[in-house]
Amino acid sequence: MIIKNEEQLTKMKEIGRICAEIRDEMQKNAVPGITTKELDNIAKEMFEKYGAKSAPISEYDFPGYTCISLNNQAAHGIPSNKVLKDGDLINIDVSGCKDGYYADTGISFVVGKCDNPLKQKVCDVAKESFYEGIKFAVAGKKINQIGKNIHKKIKEHKLEVIENLTGHGIGTSLHQEPNHVFNYFDPWDNLILKDGMCLAIEPFVSTKAKQVKNSTRDDWELITDDGSFVAQYEHTVVIQADGEPIILTKVD
């Protein structure tokens, strides 16, 4: 989607703020002893409070209001009666819609006391690489410069990028053109970024793996084959002609 007027921007800011507040409230409550289903219920109540809908449910009939992935799950984990414990690596991915506009955001972090410094490292680098990437998310530049600089930062830390998980266009649906915002350099991906373009940018950083696959437990969750730790950091942004993009899913 390309935002063309102030009304559209206002609507995108509203759903962006809602998703950000849900994400932050879930993160605050993600402590040892709580279940992922209880965390998901926080999202349910907040979506209802704000008159918004869960995008995974409305778009894909996903069995949860949010995706909550643990440890070797890289993405699309289904909320369940799984109890969080110290040292769990958790990813909370919140996407929602209101008045026909969508936003998407996610964060990975370690629950309670960290039992392995690599878990914290992938979380830190996912965030760091996101902010490095958006320095190049400017109207007039090629979209592949985002992934090039995300990957450069990840490689500096001697970590890997998950190549088959990408960002995407967003706005009047959860996933729309551009279909991919790669987290590595693709020389053939020559799309020129435009003022007002909405993107969900989301680096996935791994200790060793470069790919994820579907697990045998259900049709949703994605895992690393070798048990590598994976962290994601995601915001919905609006490209601008001058300077870095507007981050919609950030609570001031």
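Residues numbered from 1 in each chain as written. Predicted model: local features only at pLDDT ≥ 70, side-chain atom pairs only at ≥ 80, totals over all residues. Heavy atoms only, no water.

Visitor: Please give an account of the side chain of Lys-119 that cites residues and values.
Guide: Within the secondary structure layout, Lys-119 lies in helix H4 (residues 117-133). Look at Lys-119 and you get buried, because its relative accessible area is 7%. There is a polar contact of 3.0 Å between the side chain of Lys-119 and the side chain of Asp-115. Discounting chain neighbours no more than four positions away, the residues touching Lys-119 are Asn-71, Gly-87, Leu-89, Val-110, Cys-114 and Phe-229. (Helix = DSSP H or I, 4+ residues; strand = E, 2+ residues; numbered from the N terminus. Buried < 20%, exposed > 50% of the residue type's maximum accessible area, 1.4 Å probe, protein only. Polar contact = N/O pair within 3.5 Å; in protein donor to acceptor, adjacent residues only side chain to side chain. Contact = heavy atoms within 4.5 Å.)

Visitor: Explain the sheet that holds strand E12 (residues 222-223) to me, and be specific about the residues and the numbers.
Guide: Strand order in the open sheet made by the three strands is E3-E12-E11, with antiparallel pairing throughout. A strand with exactly one partner marks an edge of an open sheet, and here the two such strands are strand E3 (73-75) and strand E11 (213-214). Strand direction decides the pairing type here: E11 and E12, joined by two bridges, are antiparallel. Pairing of Asn-214 across the sheet is with Leu-222, part of E12. (Pairing = 2+ DSSP bridges.)

Visitor: Hey, could you go over the environment of Leu-193 for me, with residue numbers and the actual values?
Guide: Counting through the fold element by element, Leu-193 comes out in the loop between strand E8 (176-181) and strand E9 (198-201). Residue classification places Leu-193 among the buried positions, given a relative accessible area of 2%. Along the primary structure Leu-193 and Ser-215 are separated by 22 residues, whereas in three dimensions their C-alpha atoms are 35 Å apart. In this structure, Leu-193 is in contact with Phe-136, Ala-137, Val-138, Ala-139, Gly-140, Lys-141, Lys-142, Ile-143, Ile-146, Leu-199 and Ile-239, ignoring residues within four places of it in sequence.

Visitor: Lay out the pattern of salt bridges in plain terms, naming residues and giving numbers.
Guide: One pass over the full model with this rule turns up 13 salt bridges. When the shortest N-O distance is used, the salt bridge between Glu-14 and Lys-98 registers 2.8 Å. Here Glu-14, found in helix H1 (residues 6-29), pairs with Lys-98, found in strand E4 (residues 89-98); they are 84 residues apart in sequence, far enough to count as distant. Note that Arg-17 and Glu-21 form a salt bridge whose closest N and O atoms lie 3.3 Å from each other. (Salt bridge = Lys/Arg side-chain N within 4 Å of Asp/Glu carboxyl O.)

Visitor: Quick one: what's the story with the environment of Asn-41, residue by residue and with numbers?
Guide: Within the secondary structure, Asn-41 is located in helix H2 (residues 36-49). Along the chain, Asn-41 and Asn-190 lie 149 residues apart, while their C-alpha atoms are 41 Å from each other.

Visitor: Tell me about the packing of H1 against H2, residues and numbers included.
Guide: Remark: H1 packs on H2, axes separated minimally by 9 Å, with the N-to-C direction vectors making an angle of 150 degrees. Relative to H2, H1 is oriented roughly antiparallel. Helix-helix and strand crossings are classified by hand; for H1 and H2 the assignment is right-handed. Contact with H1, carried on its side by Glu-21, Ile-22, Glu-25, Met-26 and Asn-29, involves Leu-39, Asp-40, Ile-42, Ala-43, Met-46 and Phe-47 of H2 and no other residues of that element. Across the contact of H1 with H2, the residue classes tally to seven nonpolar, one polar and three charged. (Axes fitted to C-alpha atoms, helices over the stretch in contact; angles between N-to-C directions. Parallel < 35°, antiparallel > 145°, perpendicular 65-115°, else oblique. Left-handed = near helix turned anticlockwise from the far one by under 90°. Nonpolar A, V, L, I, M, F, W, Y, C, P; charged D, E, K, R; others polar.)

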